[in-house]
Amino acid sequence: MSEVDSIISQLQHFTWPDYVVFVAMFILCIFIGIYFGFMEKSLGESDYLMGGRNMLCLPIALSLVASFISGITLLGLPTEVYSYGIQYLYVSLGVIAMGFIMSIYYLPVFHDLNITSTYEYLESRFDRRLRMFGSVMFTIMNIGYLPIVIYVPALAFNQVTGVAVHTITPIVCIICIFYTTLGGLKAVVWTDVVQIISMIGALILVAIKGSIDIGGASKVIESAWESGRIEGPDMDLNPTVRHTLWSQLVGGVFYWTQTNAVSQNMIQRYLALPTLSSARKALALFCLGVLVLMGLCSYNGLLMYATYKQCDPLTTKLAKARDQLLPLFVMETLGEYPGLTGLFIAGVFSAALSSLSTCLNSMSAVVLEDFIKPFVKRPLSETAINWIMRSVVVSVGVLCVFLVYIVEHMGTVLQLTMSLEAITNGPLLGIFTIGVFMPWINGNSALLGGIVGVVGMSWISLKAQWAVASGAMVYETKPLTVEHCTYQFDTSVLVSAANTTLSEAAKEEILPLYRISYMWYTCLGALLTMGIAVLWHFIFGGNDPKTIDHSLLSPCIRKYFQSEDNHLQTKNLQIDIPLKNKSVDEEVAL
């Protein structure tokens, strides 16, 4: 056994208090599922998928944050800052801008329509083909994303306990399937509340203890400043630069708008709130919560650099994978205190469980509303609906378990699967944006734009992923050294690391299109989709904008494309929609 392996083995002391804390979180989630599954009245479709459309603002906001901040973010963002500095953090400007854009232009459209699946909108605005296209893209994206959500925290668990990945992932998936199947959206939301508290607590704990060990936060900031990890935004206009102010602001707006404003995973929670004003409050709290968590993760990344600046554990393979760097730091920082390592790992799995349960519940909504209801001749009974919703959760969850095995044994699949999100996100955002802002474009143009967008982004994203996986394209990190390591390691890793440095001639061999920063992918996919749709419209024509139901358009442009019939509909909607969305007391007052 090498000295590195010996150190890893010594650090893997997950004690019984750690297991108690870790298991306690799962037990609490199970009880929440049991409560909403058995203690409340029988869950109908509206209760199971939408929480009765009468949920509270704060739990929904916390659930949104918890489901968006997956274990990938919780473990990946600190390592990103450790390796490359805080340039990524300027995406917070994109988050803030997204909050205003979604609140004003997108959220009112979906909330007023009283729909369950976001893709119902596409059939109302275009036709059934677009609804199926959106649903299929959503399904592909989620099935590719879910195994990674579970696999990444399983790597962290493996780092601190030595327990194999394939041992813990089925257990976690079964627990998540159990409480999601029983309790529906209410169970998902309230377990998310517990899990977000666990996440924040774990990050704060690591930040405080690590800062004390290093000599205070001032030492952390000083080390980060001297190494160039704290720096102003990069103003370079070159789109191939990994992170610039423009990629984080403009590219970030497109990415976050797609993820938050038109994705079923997120919009389903906003539609579970009774009024548009409460949905907007939840959106504001979501943006604030994401910024706080991103700040905590980034600080922990700087803290790790201050701790490891003399000996990089990624180079020495003390951390065998990038996502195992933070767990390694936690073992060294909290390992001497029983239960604290367990609390951190519980926080990481909380992030995974919240994302997994959200996706499973959203999948049940999409399958029921988009793949089954439109194709049955008779209305489904309540029993059939309940059976279908729960069967989808179980089936997708089981599929997720098997896909984790594939991800584990075929490393390149992980990189290829991560690229699926970029392939589908941009075209979907483009189609929804066409729907709410361009009433003159019809279904034929939108569908062609979406197909070209998916094909184009598949080509660009997969080519770029292949260049990264093959070592043909690498990104230069901030200064890291192993010159002052106190333990022996295999020095051949230094030779292989040196060989990964690309010459300028080698970089020129890679088509610039494939070197575009991943932060531009969603923007590029959306613009490609909209551009093709507009071009097709000019060649073959489209809709008369005044024939489009104005409720399907963003409020800012409704008045410009409103016929006399639509004007009458507006008067009716001004009466009907507020009544539908208000509470009983408000209706009585009216």
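The rules we used
- Residues numbered from 1 in each chain as written.
- Predicted model: local features only at pLDDT ≥ 70, side-chain atom pairs only at ≥ 80, totals over all residues.
- Heavy atoms only, no water.
- UniProt positions renumbered as here; feature names shortened; annotations may be inferred.
- Helix = DSSP H or I, 4+ residues; strand = E, 2+ residues; numbered from the N terminus.
- Contact = heavy atoms within 4.5 Å.
- Areas by Shrake-Rupley, 256 points an atom, 1.4 Å probe, with all protein chains shown as cover.
- Core = buried A, V, L, I, M, F, W, Y, C linked by side-chain atoms within 4.5 Å.
- Buried < 20%, exposed > 50% of the residue type's maximum accessible area, 1.4 Å probe, protein only.
- Expected span 1.5 Å × (residues − 1).
- Bend = angle between axes of the 7 residues up to and from the residue.
- Salt bridge = Lys/Arg side-chain N within 4 Å of Asp/Glu carboxyl O.
- Disulfide = S-S within 2.5 Å.
- Phe/Tyr/Trp six-rings, centres within 6.5 Å; stacked < 30°, edge-to-face > 60°.
- Lys NZ or Arg CZ within 6 Å of the ring centre and 35° of its normal.
- Axes fitted to C-alpha atoms, helices over the stretch in contact; angles between N-to-C directions.
- Left-handed = near helix turned anticlockwise from the far one by under 90°.
- Nonpolar A, V, L, I, M, F, W, Y, C, P; charged D, E, K, R; others polar.

Per an unreviewed UniProt entry, the protein goes by the name Sodium:solute symporter family protein and belongs to Musca domestica. According to its UniProt record, the protein has this under Subcellular location (unreviewed entry): "Cell membrane".

S.K.: What is the right way to look at the overall build of the protein in this model?
M.R.: Tallying secondary structure elements over the protein gives 25 helices and zero strands in all. Considering only contacts within the protein whose residues lie at least 6 apart along the sequence, 86% involve residues at least 24 apart. For the protein, the accessible surface area stands at approximately 24,000 Å², while carbon and sulfur atoms represent 66% of it.

S.K.: I'm lost on the nonpolar core in this one. Help?
M.R.: If you look at the biggest cluster of nonpolar residues, it comprises 154 residues, and the most contacted ones within it are Y270 and F286. Among the elements that line this core, the one with the most residues is helix α13 (residues 276–308), at 18 residues. In this structure, M457, M473, I510 and Y521 belong to the second largest nonpolar core, which totals nine residues.

S.K.: I keep staring at helix α11 (residues 245–262) and nothing clicks. Help me out?
M.R.: Structurally, the α-helix is built with 3.6 residues per turn, so residues lying three or four positions apart point the same way. Between its first and last C-alpha atoms α11 spans 24 Å; for 18 residues at 1.5 Å apiece the expected length is 26 Å, and the two agree. Along α11, the largest kink reaches about 35° and is centred on G252. Most of α11 is tucked away: 13 of the 18 residues are buried.

S.K.: How should I be thinking about helix α22 (residues 521–540) in this particular structure?
M.R.: The terminal C-alpha atoms of α22 lie 28 Å apart, and with 20 residues this matches the ideal 28 Å at 1.5 Å per residue to within 8%. The complete set of buried residues in α22 reads Y521, T522, C523, G525, A526, T529, M530, A533 and H537. Positive phi appears at G541, one or two residues downstream of α22, with a value of about 85°.

S.K.: Mind showing me how you'd approach the pattern of salt bridges here?
M.R.: Close approach of charged atoms lets side chains of opposite charge pair. The final tally for this structure, using the stated rule, is nine salt bridges. Taking the shortest distance from any N to any O, the salt bridge between E123 and R128 comes out at 3.6 Å. The class of E123 is partly exposed, set by a relative accessible area of 25%. For K373, the salt bridge identified is with E369, shortest N-O distance 3.3 Å. A residue is classified by how much of its surface remains accessible, and K373, at 29% relative accessible area, is partly exposed. Owing to a relative accessible area of 7%, E369 belongs among the buried residues under this scheme. Here the salt bridges do not stand alone but share partners, grouping E123, R128, R131 and D370 into one network.

S.K.: Just to check I follow, could you spell out the side chain of S298 for this structure?
M.R.: When you line up the elements, S298 lands in helix α13. Those residues in contact with S298 that lie beyond four places of it in its chain are L77, V81 and L89.

S.K.: Would you mind showing me how to read unusual backbone geometry here?
M.R.: Outside of glycine, negative phi angles account for most residues, and trans bonds account for most peptide bonds. Phi at N114 is positive, roughly 60°, even though this residue is not glycine. Relative to the elements of secondary structure, N114 occurs in the loop between α6 (91–113) and α7 (120–125). We note that K317 has phi near 70°; this positive angle belongs to a residue other than glycine. Relative to the helices and strands, K317 is located in the loop between α14 (313–316) and α15 (325–334).

S.K.: Please clarify how the state of the cysteines should be interpreted in this entry.
M.R.: Here a disulfide denotes a covalent bond joining the sulfur atom of one cysteine to the sulfur atom of another. In this structure the tally under the stated criterion is one disulfide. Note that C311 is cross-linked by a disulfide to C485, the S-S spacing being 1.9 Å. Sign of the S-S torsion, about 95° for the bond between C311 and C485, identifies this disulfide as right-handed. Highlighted residues: C311 in the loop between α13 and α14 and C485 in the loop between α19 (443–469) and α20 (492–499), separated in sequence by 174 residues. Pair check on accessibility: C311 and C485 agree, each one buried. Its sulfur unpaired, C176 is 7.3 Å from the next cysteine sulfur, which belongs to C173. Free cysteine C359: the closest other cysteine sulfur is in C400, separated by 9.2 Å. C359 sits in the buried class, given a relative accessible area of 2%.

S.K.: What exactly am I supposed to notice about the packing of aromatic side chains here?
M.R.: Here the distance between the centres and the angle between the planes together describe a pair of aromatic rings. Within the structure shown, the criterion is met by 14 aromatic pairs. Ring geometry for Y121 versus F432: centroids 6.0 Å apart, planes at 20°, classification stacked. Placement of Y121 in helix α7 and of F432 in helix α18 (residues 411–437) is noted, with a sequence separation of 311 residues between them. The exposure classification of Y121 matches that of F432, with both residues buried. Both rings, one in W256 and one in F286, keep their centres 6.5 Å apart while their planes meet at 55°; by these two values the pair is tilted. In this pair, W256 is assigned in helix α11 and F286 in helix α13, connecting sequence segments 30 residues apart. F286 matches W256 in its accessibility class, with the two residues each being buried. Through a chain of ring-to-ring contacts, three or more aromatic side chains come together here, namely F110, Y119, Y121, F138 and F432. Cation over ring: R128 sits above F375, and NZ or CZ is 5.3 Å from the ring centre. Geometry around Y84 places R242 over its ring, the cationic atom sitting 4.1 Å from the centre.

S.K.: Can you walk me through the packing of helix α4 (residues 57–68) against helix α9 (residues 165–214) in this structure?
M.R.: Axes are the key here: two packed helices are described by the angle between their axes and the distance separating the axes. Two numbers describe how α4 lies on α9: the axes approach to 8 Å, and their chain directions differ by 65°. Crossing angle aside, the handedness with which α4 passes α9 is left-handed. Within the contact between the two elements, α4 uses P59, I60, L62, S63, V65, A66 and S67 and α9 uses V188, V189, W190, D192, V193, I196 and M199. Classifying every residue of the contact of α4 with α9 gives eleven nonpolar, two polar and one charged.

S.K.: What is the right way to look at the environment of T244 in this model?
M.R.: Within the secondary structure, T244 is located in the loop between α10 (217–226) and α11. With relative accessibility at 1%, the residue T244 sits in the buried group.

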